[in-house]
2 protein chains.
Amino acid sequence: MPNGHDTIPAKRPLTLRDVSEASGVSEMTVSRVLRNRGDVSEATRNKVLEAARELGYVPNKIAGALASSRVNLVAVIIPSMSNMVFPEVMTGINEVLENTELQPVVGITNYKPEREEAVLYQMLSWRPSGVIIAGLEHTEAASAMMAAAGIPVVEIMDTDGDPIDSAVGISHRRAGRAMAQAIIDAGYKRIGFLGTKMPLDHRARKRFEGFTEVLAKNGLEIVDREFYSGGSALTKGREMTETILKRNEDEPLDFLYFSNDMIGAGGLLYCMEKGIDVPGQLGLAGFNGIEFLDGLPIKLATMDAMRLEIGRTAAEIIAKRVNDPQGAGETVTLTPELALGQTLKKVKKPL
Amino acid sequence: MPNGHDTIPAKRPLTLRDVSEASGVSEMTVSRVLRNRGDVSEATRNKVLEAARELGYVPNKIAGALASSRVNLVAVIIPSMSNMVFPEVMTGINEVLENTELQPVVGITNYKPEREEAVLYQMLSWRPSGVIIAGLEHTEAASAMMAAAGIPVVEIMDTDGDPIDSAVGISHRRAGRAMAQAIIDAGYKRIGFLGTKMPLDHRARKRFEGFTEVLAKNGLEIVDREFYSGGSALTKGREMTETILKRNEDEPLDFLYFSNDMIGAGGLLYCMEKGIDVPGQLGLAGFNGIEFLDGLPIKLATMDAMRLEIGRTAAEIIAKRVNDPQGAGETVTLTPELALGQTLKKVKKPL
DNA sequence: ATGAAAGCGCTAACAC
DNA sequence: GTGTTAGCGCTTTCAT
């Protein structure tokens, strides 16, 4: 032992039987005490608790789960942990699950379908009580596994599609449309798009589709676009903004639509530094409503992805269904508000 | 079924026996095939795989783990997921574990010792192959559990203390001392401190102690301090900076030391907005080296907490020890570099 | 190369 | 209120 923590070094991990012997109470009753189940007299209860504490017994959930075929785990499968959106979803999930027996277990897919399939397989092999998974697009095998698992499955973030069981999210197509409409209403015409180089980010794709759809209806097109991958989003936003503005100096752009707020913030900082008049000369908008935007000198127009709410609702659906396995799936579509901030001209909508 | 995913709805979850019956191969051999263990003829192997795929069989790890008393899980216990530092640690852990059989399972403590104890208990009850846990300070019960668990335990982030088994991190005391020295060397005298209101953030506390220690040795003291809790760190940094500067207008501060880079960035944005000459009139420094700083107009002086490296090293220690349970604990102290950025005057150190 | 039997540590179900 | 018995679905061990 490298230091002063004094403990009973356990060769063989302790079992219920050890507690049973130490307390002189049957294994079954020990089990009851440790799970607060069934009637146990105060006296034996204390004897057991005392013995367990004394020995430092930690129950073996593996054995418990096998015997009871109940596993209080919820598989949460998300693309990434590094872009601020999923940590917040997790917070929402945690908030709700903390008040239940359920415990989230997180798997990361890095936006790769085959990775998602593998992670899902791993997680399902622990026989969780439910699955919360980002997105509606999965490999065929993954969809089949979830459908066959016989547990509640909630697909989150997006509701533009066909859920396996339940879904909670926003319509990203609608989000793209709404932003396009706001930009058009404000009178901008020469619009640039800056986004991630991620063909597999279906939600970004749907927003883009909704966006261009409304532009088209109004006789407009995206004038230029710029993509990035990897690196610090703030830095990339700055660089991409410089690039796209320089490339269009002859016929300048009057609006930049960023596929996320982090690159949007980078763009905003760049504009402020260069003394570009925002929103007069150039309008800006992002997507996500990251809280961090509040700290910027001026607020970026954006649309909240309602991450916290999505996490909470998804967890609630799972919690409900665990106690009511017969329950049917449901789809909850949340409707985010457009936050105009200070980077979008406030122009009256033409009649 | 709410939609078009065609699957075999499984009433009773499939078992090895189902695959055995479907393939006409004994359960034991099926098990061998599915785990790639022992010699199995190519013919039976294919029969089994075919049957398993056909049925959509997902092995039950609960049963497997109980029978083999081997669980390929690594418990990762961290205070929070929302402040950018731990996601990066996770990335490092994942990178390494991806190349092994091991899988991380994350628990969040919210900086509460009693929560940490509870989470640890939960995790240990799954009999993981190892534990990675943030910090060296735990409740007595938590320390005892880890010491008695008979598995490798790596305490991360901090090495100023007494590890249970292994530790990987930096010396936060040294980090505080180094930053203080750099500030003093640059000639700043009237130093303010801005931090989190978190008595249980031992690492912040140690940095602070190291910091004031060096100031004291040089006949200096912190002139004023300001604390926050909750909210957007960027916003809070901005507000706190305003507050502390205003409060000391009579005898102005010439340096602000922020306990993390996010509030530091907020302070920096505030200064730029107000036209405060940084680093001439006022120097600034933070802590953590978050990549995001690169996107700011000028770079904040900071010290990298080496999160990625810590995560990787911790995971490596676990991976190594799982295959060598006799191995002894080890302590790895990483030494971060001070990044002066552009918010600290470059003044020659007085001879 | 394959199979049969025993049991991992716990809990459901049923006594008493 | 407490104890007994029989598994949960796998893997270990030992035969063959």
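Refer to the structure printed above.
First, a word on what this report is: a plain description of the structure on this page. These numbers come from a predicted model, not from an experiment.

Residues and elements named next belong to chain A. With their axes 10 Å apart at the nearest point, helix α2 (residues 27-35) and helix α3 (residues 42-55) run at an angle of 85° to one another. When the axes of α2 and α3 are compared, the pair comes out roughly perpendicular. Every residue of α3 that contacts α2 at Val 30, Val 33 and Leu 34 is listed here: Arg 45, Val 48, Leu 49 and Ala 52. When the residues that make up the contact of α2 with α3 are grouped by side-chain class, the tally is six nonpolar, no polar and one charged.

Mapping chain B onto chain A calls for a screw motion: a turn of 180° about the axis and a shift of 0.1 Å along it, with 0.2 Å RMSD after fitting. Read as a symmetry element, the transformation amounts to a two-fold axis. When C-alpha distances to the rotation axis are compared across chain B, the minimum falls at Ile 62 of chain B, with a value of 2.8 Å.

Next up on the list: the protein's contact with DNA strand C. Close to DNA strand C lie 23 residues, the nearest being Leu 16, Ser 31, Tyr 57 and Arg 70 of chain A together with Asp 39 of chain B. Contacts to DNA strand C include Asp 39 of chain B, whose side-chain N or O atom sits 2.7 Å from a phosphate oxygen. The element contributing the most residues to the surface near DNA strand C is helix α4 (residues 61-68) of chain A, with four residues. Its residues assigned to classes, the surface near DNA strand C comprises ten nonpolar, nine polar and four charged.

So, on to the pattern of salt bridges. Per the counting criterion, the structure on display carries 44 salt bridges over all chains. In this structure, Glu 213 of chain B and Arg 177 of chain B form a salt bridge, with 3.8 Å as the shortest nitrogen-oxygen distance. Taken as a pair, Glu 213 of chain B in helix α9 (residues 202-217) and Arg 177 of chain B in helix α8 (residues 172-185) lie far apart in primary sequence, 36 residues in all. Judged by its relative accessible area of 31%, Glu 213 of chain B is partly exposed. Of the charged contacts in the structure, one is a salt bridge between Glu 213 of chain B and Lys 217 of chain B, with a shortest N-O distance of 3.5 Å. Residue Glu 213 of chain B and its partner Lys 217 of chain B are located together in helix α9, separated by four residues, close to a single helical turn. Three or more residues are tied together by salt bridges with common partners; here these are Arg 17, Glu 21 and Glu 27 of chain A.

Following Val 278 of chain A, the chain continues to Pro 279 of chain A via a peptide bond in cis, the omega torsion being 10°. A positive phi angle is found at Asn 110 of chain A, which is not glycine, with a value near 55°. Looking at where Asn 110 of chain A falls in the secondary structure, it is placed in the loop between β2 (103-108) and α6 (113-124). Residue Asn 110 of chain A is classed as partly exposed on the basis of its relative accessible area, which comes to 38%. Phi is positive for Asn 288 of chain B, close to 140°, though the residue is something other than glycine. Within the secondary structure, Asn 288 of chain B sits in the loop between β9 (283-285) and β10 (302-303). Among the residues examined, Asn 288 of chain B registers a relative accessible area of 10% and is labelled buried.

About the cut-offs
Residues numbered from 1 in each chain as written. Chains lettered and ligands numbered in written order. Predicted model: local features only at pLDDT ≥ 70, side-chain atom pairs only at ≥ 80, totals over all residues. Heavy atoms only, no water. Axes fitted to C-alpha atoms, helices over the stretch in contact; angles between N-to-C directions. Helix = DSSP H or I, 4+ residues; strand = E, 2+ residues; numbered from the N terminus. Parallel < 35°, antiparallel > 145°, perpendicular 65-115°, else oblique. Contact = heavy atoms within 4.5 Å. Nonpolar A, V, L, I, M, F, W, Y, C, P; charged D, E, K, R; others polar. Least-squares fit on C-alpha atoms with pLDDT ≥ 70 in both. Near = heavy atom within 4 Å. Polar contact = N/O pair within 3.5 Å; in protein donor to acceptor, adjacent residues only side chain to side chain. Salt bridge = Lys/Arg side-chain N within 4 Å of Asp/Glu carboxyl O. Buried < 20%, exposed > 50% of the residue type's maximum accessible area, 1.4 Å probe, protein only.

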